[in-house]
Amino acid sequence: MTTISAFLLWGLFPVYWKILRHVPSTQILAHRVIWSLALLVLLLFIQGRWRDTRIFTPFYPNSLIFIITAFILGSNWLIYIWAINSEQIVEASLGYFTNPLVNVFLGMAILRERIYRWQKLSLILALSGVLILIFQYGRIPWIALMLAFTFGTYGLLRKTSRAGSMVGLFFDTAILSPIVLAYLILLASQGSGAFLSIDSRTDILLMGSGIVTAVPLLLFAHGARRIPYSAVGFFQYITPTSQLLIGVFLYGEPFTSTHAFCFGLIWTAIAIYSSSTLVLYRKSFSP
């Protein structure tokens, strides 16, 4: 149940960022980084896990990976927040629908992982859906592709660091914090910062961005250890499905018959990929 709760909370992110649409996306990102770091430091101390951060600090390869993942994660967060507040929730949801299939592509292209016949079919179907959307839009759905590839690359690099989700996010936000803090101080000196200058509701929501970032992560880390990994693969689609429904039914974003057809291809690809992966997972553990 905690894993499902995590994916549901991630799916509700558009509502939270929409409430802050009067604040520039770069400022929302900066506050998300700062307040996430503050909360993570507190949680690491409370849980007695501060030593975990010291394990990775002295090693150069880890440091380099954390620097790269920090900027990739920051880019992903910024694109997502901007997309939400630019009436592009449907396209953002497309990015997270296609992300698992991008992971397959990255694993095949970079890690030389083998993919099987049904997984190849799922990639072809998903690519077909994206190409039809490109034809419909008359442009490349760069928001969806950037979200899918930044998050996919982030996950790929995170595997090499061997740091847990909380420790990894701590390093990512710690690396970004000096930059975004300098940015916020500059804005404050110019009188153009949103924090402490609009209203208390805005201030609370900006500070709360750290909580809404960390809480789903903690729920996911707790729940993922208690259920089969294959089940996690199925549950992850709760998030983009929730985002899509919110974009269409709550904020009235267009969802045409072409969207329905293309998303149908992608959902079919996801179903084929997930079921084939489940079969392979069960075979690998069968006696």
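Keep in mind it's a predicted model, so treat the numbers as computed, not measured.

Colleague: In this structure, what is going on with helix H6 (residues 89-109)? I would like to understand it.
Modeller: Each α-helix winds once per 3.6 residues, and so residues spaced three or four apart point in a common direction. Between its first and last C-alpha, H6 extends 29 Å over 21 residues, near the 30 Å set by a 1.5 Å rise per residue. At Asn99, H6 shows its largest kink, close to 45 degrees, and the proline Pro100 lies no more than four residues downstream. Counting buried positions over the 21 residues of H6 gives 17, a clear majority of the element.

Colleague: Hey, could you run me through helix H9 (residues 165-190) in this one?
Modeller: The end-to-end C-alpha distance of H9, which contains 26 residues, comes to 36 Å, matching closely the 38 Å that a straight helix rising 1.5 Å per residue would cover. Residue Ser177 marks the point of greatest curvature in H9, where the axis turns by about 40 degrees; the proline Pro178 follows within four residues. Of the residues trailing H9, Gly191 is marked for its positive phi of about 75 degrees.

Colleague: What is the right way to read a nonpolar patch on the surface from this model?
Modeller: A cluster of nonpolar side chains, contributed by Leu9, Leu12, Ile211 and Val215, occupies part of the molecular surface with about 310 Å² of accessible area. As for its placement among the helices and strands, Val215 is situated in helix H10 (residues 200-224). By relative accessible area, which is 33% here, Val215 ends up partly exposed.

Colleague: Looking at this structure, how should I read the confidence of the model for the protein?
Modeller: It should be kept in mind that the predicted coordinates are not to be read in detail where pLDDT is low. Per-residue pLDDT for the protein has a mean of 82; in total, 86% of the residues score no lower than 70. Mean pLDDT across the secondary structure elements of the protein bottoms out at helix H11 (residues 229-235), with 58, and peaks at helix H2 (residues 13-19), with 94.

Colleague: It is not clear to me how the packing of helix H1 (residues 2-11) against helix H12 (residues 238-250) should be interpreted in this structure. Could you clarify?
Modeller: When two helices pack together, you describe them by how their axes are tilted relative to each other and by the distance separating the axes. Look at H1 against H12: their axes get within 7 Å of each other, and the N-to-C directions meet at 35 degrees. When the axes of H1 and H12 are compared, the crossing they make is right-handed. Between H1 and H12, the residues in contact are Ile4, Phe7, Leu8, Trp10 and Gly11 and Ile238, Thr239, Ser242, Gln243 and Ile246, respectively. Of the residues belonging to the contact of H1 with H12, the class tally is 6 nonpolar, 4 polar and no charged.

Thresholds, definitions, all that
Residues numbered from 1 in each chain as written. Predicted model: local features only at pLDDT ≥ 70, side-chain atom pairs only at ≥ 80, totals over all residues. Heavy atoms only, no water. Helix = DSSP H or I, 4+ residues; strand = E, 2+ residues; numbered from the N terminus. Expected span 1.5 Å × (residues − 1). Bend = angle between axes of the 7 residues up to and from the residue. Buried < 20%, exposed > 50% of the residue type's maximum accessible area, 1.4 Å probe, protein only. Patch = residues over 30% accessible without salt bridge, like charges linked within 9 Å, V, L, I, M, F, W, Y side chains within 5 Å. Areas by Shrake-Rupley, 256 points an atom, 1.4 Å probe, with all protein chains shown as cover. Salt bridge = Lys/Arg side-chain N within 4 Å of Asp/Glu carboxyl O. pLDDT = per-residue confidence, 0-100. Axes fitted to C-alpha atoms, helices over the stretch in contact; angles between N-to-C directions. Left-handed = near helix turned anticlockwise from the far one by under 90°. Contact = heavy atoms within 4.5 Å. Nonpolar A, V, L, I, M, F, W, Y, C, P; charged D, E, K, R; others polar.

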